[in-house]
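What follows is each chain in one-letter form.
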Amino acid sequence: MIEIENVRKSFGSLEVLKGIDLTVQKGEVVTIIGGSGSGKSTLLTCINGLEPIDSGRITVDGTEVHAKSTDLNKLRRKIGIVFQQFNAFPHLTVLENVMLAQVKVLKRPKAEAEAEAVKQLNHVGLGDKLKVYPSRLSGGQQQRMAIARALAMSPDYMLFDEVTSALDPQLVGEVLDTLRMLAREGMTMICVTHEMKFAREVSDRVAFFHKGVMAEIAPPDQLFGAPRDPELQKFLSATH
Amino acid sequence: MFNYTFQWKQALARLPQMLDGALVTMQIAVLSMVIGILLAILLTMFRLSGIRVLSAVSKTWVEIARNTPALFQIYMAHFGLGSFGIHLSPFASILLGITFNNAGYLTENFRGALKAIPDTQARAARSLGFGQGGAFRYVVLPQMLRIAFLPMTNQMVWAILMTSLGVTVGMNTDLYGVTQGLNALTFRTFELFALAAVIFYLITKTITLGARLIATRLFRY
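Residues numbered from 1 in each chain as written. Chains lettered and ligands numbered in written order. Predicted model: local features only at pLDDT ≥ 70, side-chain atom pairs only at ≥ 80, totals over all residues.

Per an unreviewed UniProt entry, the recorded name for chain B is Amino acid ABC transporter permease, and the organism is Paracoccus aerius. The annotation that UniProt attaches to chain B under Sequence similarities (unreviewed entry) is "Belongs to the binding-protein-dependent transport system permease family. HisMQ subfamily." (UniProt positions renumbered as here; feature names shortened; annotations may be inferred.)

Under an unreviewed UniProt entry, chain A has the name Amino acid ABC transporter ATP-binding protein and belongs to Paracoccus aerius. Listed in UniProt under the heading Sequence similarities (unreviewed entry), the comment for chain A reads: "Belongs to the ABC transporter superfamily."

If you want it as structure tokens, here you go:
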């Protein structure tokens, strides 16, 4: 369970998170929508401790992320994150990309790591690209590789930060299909996205962020069908 | 006016000795590069550590190495340290001097190469559970070495050529030192030094071509 309590965060004089409260249960899929600069991506990087917070509390399975005593490297093994930029490691083949952290961080034996990598890469449809370097992959393939790389660490939670935003339109579908598959399999996920149709389909709840505040959170039918917040109404009519 | 008679045979007869010298030259260059690269990695980390003292050490090193004659650096290693009662052999002095020079130049190369790698790479590694050191070692460093590879080759060539400065601190077993000795013995100045130049050329050319070959093998991405 991920519990976010009254989290505040500023970059200089700009307050990007103004007291966010959100609890995500095991197996739940929560998507976050909202305009750029609404703080949604920042929240994700706070959850796995890549960004510090100014006040409030984030706990993952009871471990407080930003407590001094927390071993973030250990905690991050539980929480996979995939970014907008694909961040493929260019010097490693697809297979090596997915094996590296398994071997060096989790200390899995090579054979085991390789088997897991092959499994995950097959899962995201890259089983025929094992020996290829990322520069030979399309954006969609690189992003699916990044997802496989995160999944190979056997995380309990997955965070997706606008994973389709940097993709050519015709490549968005293949990545969203991968996310849909994960959602169906019961992975606990928080997705920041601009894909409304996708949000509607996969989410248990959808949260709307506006200027650092979570203006509304509701099951998708309710949030998209009968939005209450005036900013959300504006946002939805602009994006439809 | 021009009545010099070339006597190549005399010079060629000394070729085996000169090739032995060439081996010593390569030994110095290789050692100075290996140690230089390790030092440069360390100095690069010092520079980026954000710790003032370490950063200053790194900066000073780079400034001196790049803005003073290599001859001065080698002199300092031998006679400079000698003034403080630290007496290094000619071999150790030339090795120290060239290593100092290599480390300085390579640090700048590495720093430039690091700047070319997006921060998001380290971030992605951290989010997979790597600590700062692991992210550097397994993700950033290999990419940095690729970018810095050709400048490293240049420095290796430069290291080979710098060994010739060893004669000034009494080095007489390297290619240049041996040639110098033979010259004093035979006075076939032109022939001997021309032969030495050809050997230098062949060594450095081999390094450049070899490096290119290694690069295509090593960096297939």
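Turning our attention to the interface of chain B and chain A. Across the boundary between the two partners, chain B contributes 18 residues, which contact 19 residues of chain A. Counting residues per element, the ones that place at least two in the side of chain B that touches chain A are α6 (119–127) and α7 (132–147) of chain B. Partitioning the side of chain B that touches chain A into residue classes produces 7 nonpolar, 7 polar and 4 charged. (Contact = placed C-beta atoms within 7 Å. Helix = DSSP H or I, 4+ residues; strand = E, 2+ residues; numbered from the N terminus. Nonpolar A, V, L, I, M, F, W, Y, C, P; charged D, E, K, R; others polar.)

Here the UniProt-annotated "domain: ABC transmembrane type-1" (unreviewed entry) positions come out as residues 18–211 of chain B. End C-alpha to end C-alpha, residues 18–211 of chain B measures 24 Å, and it is 83% helix and 0% strand.

Before going further, it helps to spend a moment on the confidence of the model for chain B. Residue and element names in this part refer to chain B. For chain B, mean pLDDT is 93; residues scoring 70 or higher make up 100% of the total. For chain B, per-element mean pLDDT is lowest for helix α1 (residues 8–13), which scores 86, and highest for helix α3 (residues 52–67), which scores 97. Confidence estimates for the predicted assembly give a pTM of 0.81 and an ipTM of 0.88. (pLDDT = per-residue confidence, 0-100.)

This part is about the sheet that holds strand β4 (residues 55–60) of chain A. Residues and elements named next belong to chain A. Strand order across the open sheet formed by 4 strands is β2-β1-β4-β5, with antiparallel pairing between neighbours. Edge positions in the sheet fall to β2 (14–24) and β5 (63–64), since each of these pairs with one other strand and no more. Of the pairings in the sheet, the one linking strand β1 (residues 2–11) to β2 comprises 8 bridges and is antiparallel in character. Bridging across to β2, E3 finds its partner in T23. (Pairing = 2+ DSSP bridges.)

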